[in-house]
Amino acid sequence: MTLITVSDLTKTFGNQTVVDNISFSIEPNTSTALIGPNGAGKTTTLSMLTGLLSQTSGSIKMEGVKDMRSVIGFLPQYPKFFSWLSALEYTEMVAKLSGIEVKQAKLQSQKILEYVGLGAALHKKTGTFSGGMKQRLGIAQALVHKPKLLLLDEPVSALDPVGRREIMNLLKEIQNETTILYSTHILNDAEEMTDQLLFLRGGKLVEKGSLKEVRARFEEPRFKIKFSSSQQALQFASQSELHCHVEGEKVFVEIVHEQPTMQQMLNRLANSQFSIESIEKVTASLEEIFMKVVGSYESV
Amino acid sequence: MSQFKVLVGKELRESWRSFKLLWLPLVFILLGVSDPILNYYMMDILKAVGGIPEGFQMVMPEFSAADIIAASTGQFQSIGLIVLIATFVGTISRERQNGTATLLYVRPISHSALFLSKWFVATLVAMISVIAGYAASLYYTVILYGPVEWNRFIAMLATYLLWICLVMALTVAMSASFKTVVAATLTIFLVIGGTIFESLVGSFISVSPWKLPSSSLALLSDFYDGTDFIINLCLSFGLLIIFILIGIMMCKSNASTTKI
């Protein structure tokens, strides 16, 4: 069962194509990360999903739902609230606007605000809130009507490390109960909670799949051998027929079709007179993958 | 309907907490009080600030109560309207520009409820202000100049309130259509410019929406010619509906201009 299907989504402003023929689908109760550098079209894509922007072409479909706005919760990158309303008044208002009846709206608002950790600030004006509190309120207002799909635009980018950790933990908790689609340019976040990755570059969807799949495609496994001196490293590299790459005292040996194996490497080194400090098998970090997939922005 | 109620509640809270409901009526009360008092004490004021030169003959005009009410209306028509327009012309556009509208627009919100709530509260606050202003003016006029006929005054007030309704509908519709600065310029140009135009060449035109304030004043006087009045009333009601429809349309089509 698919929760939402996006096909051939395109958005052009004048003659500039900001989102170019994107297709993907999201399964219920999963979390999907929309990854890409600034200007890749992440926010535009999310805006179209919320209905704030209408697409130039393509379609967004949700099974059995007429007005998608009633089943979506949205948190923009910089949520802005009416500064003269208290957190509870605000959440209650938006809950009612989403069609929840008066009594229920109050109950649900109180519950969700306590859940996101604003229990002590229910009656404080939102104008006095700090960045982290605003983000919490943002999450609360996005969740108060129990949406099927939660859209988050850079949920933690604007926060300090402490606030970031708190919000990430909160999102991980929420993840168990609802479907999340969030955009980010911070890969550690994506690594922490993601079932599906969508890489955007210049408005195009350049790569998609689970973290494991993308890893497998781009990880480029290598051996990293550290020698006691750079001469030894150079010597090893020049003697061996393997694909080597020297960086000071370190030599990276490429693994092609699972050759050589760790066993073979160890045997080889054990029988030589090189003095070795360490050897390990390394794979590309998500950051390197990111750079590989979306990094060469100019070449688009 | 329930969305309309929720949004009206929000707008009223805003008006209350930003003190609009306090200072706008105060502005109108000040404007309303100034004419009866200034005119009545004009001689005393002139004496107090240095007197009239000797040999200078000046006859102070004899004002009737209706003249004073008309003078107060003149104040409301210029300064009062500018203050009202400036206060409410950003009611929709500013929310879009600062991004607070975004989290409302992503809800299954009805744009007619949105526009009507804005217009309703703007009109309500404006009406309270105008009524407060007229009440203050009337109080001093009656004390200093004599009685005003009640039924005529009510007829005048009702007609003037229709005009306020219309101005607020235009203001909020402009706010839905353009950015705050453009909307303010256009609205002030249309309302104040139109009023000036009306006062210059109005006597050659019998039917125009800008006639509403002057015909409301004519209702106060003894010789009142009501032939075009009904037509003007109908025209104003028609325009009111048109402004509201345009406003709702623009609310919907410009929703995507909200800052995300």
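Position labels on residues start from 1 in each chain and follow its written sequence. Think of it this way: whatever chain is written first is A, whatever ligand is written first is 1, and the rest follow in order. The predicted nature of this model means local features are confined to residues of pLDDT at least 70 and side-chain atom pairs, given and counted, to a pLDDT of 80 or more, with totals for whole chains, interfaces and linings taken over all residues. Values reported for side chains reflect all heavy atoms of the structure, with hydrogen atoms and water molecules removed beforehand.

**What to know about the sheet that holds strand β12 (residues 250-254) of chain A**
All names here are of chain A.
Working step 1: Pairs of strands are assigned from DSSP output, requiring at least two bridges between the strands. In this text, helices come from DSSP runs of H or I with a minimum length of four residues, and strands from runs of E with a minimum of two, each type numbered from the N-terminal end. Strands sit in the order β11-β12-β10-β13 across an open sheet of 4 strands; the sheet is antiparallel. Strands at the two margins of the open sheet, each flanked by one partner only, are β11 (244-247) and β13 (276-282). This sheet shows a mean twist of 20° between the axes of neighbouring strands, independent of strand direction.
Working step 2: Sheet topology note: the β11/β12 ladder contains 4 bridges and is antiparallel. Of the residues in β12, the one forming a bridge with V246 is V251.
Working step 3: Along the sheet, helix α8 (residues 230-239) contacts β10 (222-227), β11 and β12; its crossing angle with β11, the most-contacted strand, is approximately 170°. For helices, the fitted line uses only the C-alpha atoms of the stretch in contact; every axis is such a line through C-alpha atoms, and the angle between N-to-C directions lies from 0 to 180 degrees. Contacts are assigned to residue pairs with any non-hydrogen atoms lying within 4.5 Å of each other.

**Describing the interface of chain A and chain B**
Working step 1: Every contact between the two is made by 29 residues of chain A and, on the other side, 24 residues of chain B.
Working step 2: By definition, the buried area sums, over both parts, the 1.4 Å-probe accessible area that each loses when the two are put together. Around 2,500 Å² of area is buried between chain A and chain B when both sides are counted, 67% of it from carbon and sulfur atoms.
Working step 3: Whenever a carboxyl oxygen of Asp or Glu lies within 4 Å of a side-chain nitrogen of Lys or Arg, that contact is scored as a salt bridge. Counting the contacts that link chain A with chain B gives 2 salt bridges.
Working step 4: In this structure, E89 of chain A and R13 of chain B form a salt bridge, with 3.6 Å as the shortest nitrogen-oxygen distance.

**Remarks on the sheet that holds strand β4 (residues 57-62) of chain A**
By definition, the strands of a sheet pair up through backbone hydrogen bonds, in either a parallel or an antiparallel sense.
Residues and elements named next belong to chain A.
Working step 1: Strand order across the open sheet formed by 3 strands is β2-β1-β4, with antiparallel pairing between neighbours. Looking at the sheet topology across the chains shown, the edges are occupied by β2 (16-26) and β4. Averaged over neighbouring strand pairs, the angle between their axes works out to 20° when direction is ignored.
Working step 2: Where strand β1 (residues 4-13) and β2 come together, 7 bridges link them in antiparallel fashion. Following the sheet pairing, T5 is matched in β2 by S25.
Working step 3: Its contacts with the sheet put helix α1 (residues 42-50) on β1, β2 and β4, and the angle it makes with β1 is roughly 120°.

**A closer look at the side chain of T179 of chain A**
Residues and elements named next belong to chain A.
Working step 1: Its location among the elements puts T179 in strand β7 (residues 179-184).
Working step 2: With a relative accessible area of 2%, T179 lands in the buried category.
Working step 3: Polar contacts here mean pairs of N or O atoms no more than 3.5 Å apart (in protein, one a potential hydrogen donor and the other a potential acceptor; neighbouring residues in sequence count only if both atoms are side-chain atoms). In terms of polar contacts, T179 uses its side chain to reach the backbone amide nitrogen of N29, at 2.9 Å.
Working step 4: When sequence neighbours within four positions are dropped, the list of residues in contact with T179 reads L3, I26, E27, P28, N29, T30, K148, L149 and L150. To sort residues, take the accessible area from a 1.4 Å probe on protein chains only and compare it with the maximum for the residue type: under 20% means buried, over 50% means exposed, and anything in between is partly exposed.

**Focus on empty space enclosed by the protein**
Residues and elements named next belong to chain B.
Working step 1: A cavity here means a set of points on a 1 Å grid, drawn over the protein atoms and nothing else, where a 1.4 Å probe fits but cannot get out; a pocket is an open set with protein on both sides within 12 Å along at least five of seven lines, and a residue lines either one if it has an atom within 4 Å of a point. Grid points are joined across faces, edges and corners, and a volume is the space filled by probe spheres set on the points. A complete count under the given rule lists 1 cavity of 30 Å³ or more for this structure.
Working step 2: Roughly 40 Å³ of volume is contained in the largest cavity.
Working step 3: Around the largest cavity, the lining residues are E11, E14, S15, K20, F88, T91, K118, V121 and A122.
Working step 4: If you list the elements that add at least two residues to the lining of the largest cavity, you get α1 (2-17) and α7 (111-145).
Working step 5: When the residues that make up the lining of the largest cavity are grouped by side-chain class, the tally is 3 nonpolar, 2 polar and 4 charged. Three classes are used, and their members are as follows: Ala, Val, Leu, Ile, Met, Phe, Trp, Tyr, Cys and Pro are nonpolar, Asp, Glu, Lys and Arg are charged, and the others, Gly among them, are polar.

**Concerning the UniProt feature "transmembrane region" (unreviewed entry) in chain B**
All names here are of chain B.
Working step 1: UniProt positions are given in the numbering used here, feature names are shortened, and annotations may be inferred rather than shown by experiment. The UniProt record marks residues 21-43, 63-89, 119-141, 153-174, 181-209 and 229-251 with the feature "transmembrane region" (unreviewed entry), using the residue numbering of this structure.
Working step 2: Along residues 21-43 the backbone is 96% helical and 0% strand, and the end-to-end C-alpha distance reaches 36 Å.
Working step 3: Annotation note: span residues 153-174, helix share 100%, strand share 0%, distance between end C-alpha atoms 31 Å.

**Let's talk about the pairing of strand β8 (residues 196-201) of chain A**
Residue and element names in this part refer to chain A.
Working step 1: Along β8, 6 of the 6 residues are buried, which leaves the element largely enclosed by surrounding structure.
Working step 2: Residues Q196, L198 and L200 line one face of β8 and the alternating positions L197, F199 and R201 line the opposite face, and both faces are buried.
Working step 3: In the sheet, strand β3 (residues 31-35) pairs with β8 via 4 bridges, with the strands oriented parallel. Opposite A33, over in β8, you have L197 as the bridge partner.
Working step 4: Bridge count for β8 against strand β9 (residues 204-209) is 5 bridges, and the pairing is antiparallel. Counterpart to L198 in the pairing with β9 is K208.
Working step 5: Here β8 folds back onto β9 in antiparallel fashion, the turn holding 2 residues, of which G202 has a positive phi close to 55°.

**Here we look at the layout of surface pockets**
All names here are of chain A.
Working step 1: One number sums up the size of the largest pocket: a volume of about 300 Å³.
Working step 2: Lining the largest pocket, in full, are Q108, K111, I112, Y115, L143, V144, K146, P147, I174, E177 and T178.
Working step 3: In terms of residue count, helix α3 (residues 102-115) provides more of the lining of the largest pocket than any other element does, 4 residues in total.
Working step 4: Of the residues that constitute the lining of the largest pocket, the class distribution is 6 nonpolar, 2 polar and 3 charged.

**A closer look at the UniProt feature "domain: ABC transporter" (unreviewed entry) in chain A**
Working step 1: Mapped onto the present numbering, the UniProt feature "domain: ABC transporter" (unreviewed entry) falls on residues 4-227 of chain A.
Working step 2: Secondary structure within residues 4-227 of chain A divides into 34% helix and 29% strand; the distance between the first and last C-alpha atoms comes to 52 Å.

**Re the confidence of the model for chain B**
Residues and elements named next belong to chain B.
Working step 1: Per-residue confidence from the prediction method is given by pLDDT, with values spanning 0 to 100. Predicted confidence across chain B gives a mean pLDDT of 91, with 99% of residues reaching 70 or more.
Working step 2: Ranking the elements of chain B by mean pLDDT puts helix α10 (residues 211-218) last with 84 and α7 first with 96.
Working step 3: Reported for the predicted complex are a pTM of 0.87 and an ipTM of 0.88.

**Focus: the pattern of salt bridges**
Working step 1: Per the stated rule, a full pass over the model turns up 16 salt bridges over all chains.
Working step 2: A salt bridge links D20 of chain A to K204 of chain A, with the nearest nitrogen and oxygen atoms 3.4 Å apart. Of this pair, D20 of chain A sits in strand β2 while K204 of chain A sits in strand β9, and the two are 184 residues apart along the sequence.
Working step 3: Assessed through its relative accessible area of 41%, K204 of chain A is described here as partly exposed.
Working step 4: For E198 of chain B, the salt bridge identified is with K211 of chain B, shortest N-O distance 3.0 Å. Remark: K211 of chain B occurs in helix α10 and E198 of chain B occurs in helix α9 (residues 180-201); sequence separation between them is 13 residues.
Working step 5: By relative accessible area, which is 13% here, E198 of chain B ends up buried.
Working step 6: Beyond isolated ion pairs, a larger network of salt bridges with shared partners links K10, E11, E95 and K118 of chain B.

**Quick word on the packing of aromatic side chains**
Residue and element names in this part refer to chain B.
Working step 1: For this analysis, a ring pair means two rings from Phe, Tyr or Trp (six-membered ring only for Trp) whose centres lie within 6.5 Å, classed as stacked if their planes differ by under 30 degrees, edge-to-face if by over 60, and tilted for the remaining angles. Applying the stated criterion across every chain, the model contains 15 aromatic pairs over all chains.
Working step 2: With a centroid separation of 5.0 Å and 85° between ring planes, the pair formed by Y40 and Y41 is classed as edge-to-face.
Working step 3: Classification of Y40 by relative accessible area gives partly exposed; the value is 41%.
Working step 4: The class for Y41 is partly exposed, based on a relative accessible area of 36%.
Working step 5: Geometrically, the ring pair formed by Y134 and F153 is edge-to-face, given 6.1 Å between the ring centres and 85° between the ring planes. With Y134 in helix α7 and F153 in helix α8 (residues 150-177), this pair connects stretches of sequence that are 19 residues apart.
Working step 6: Here a set of aromatic residues connected by ring pairs shows up, and it is made of F28, F76, Y134, W150, F153 and Y160.

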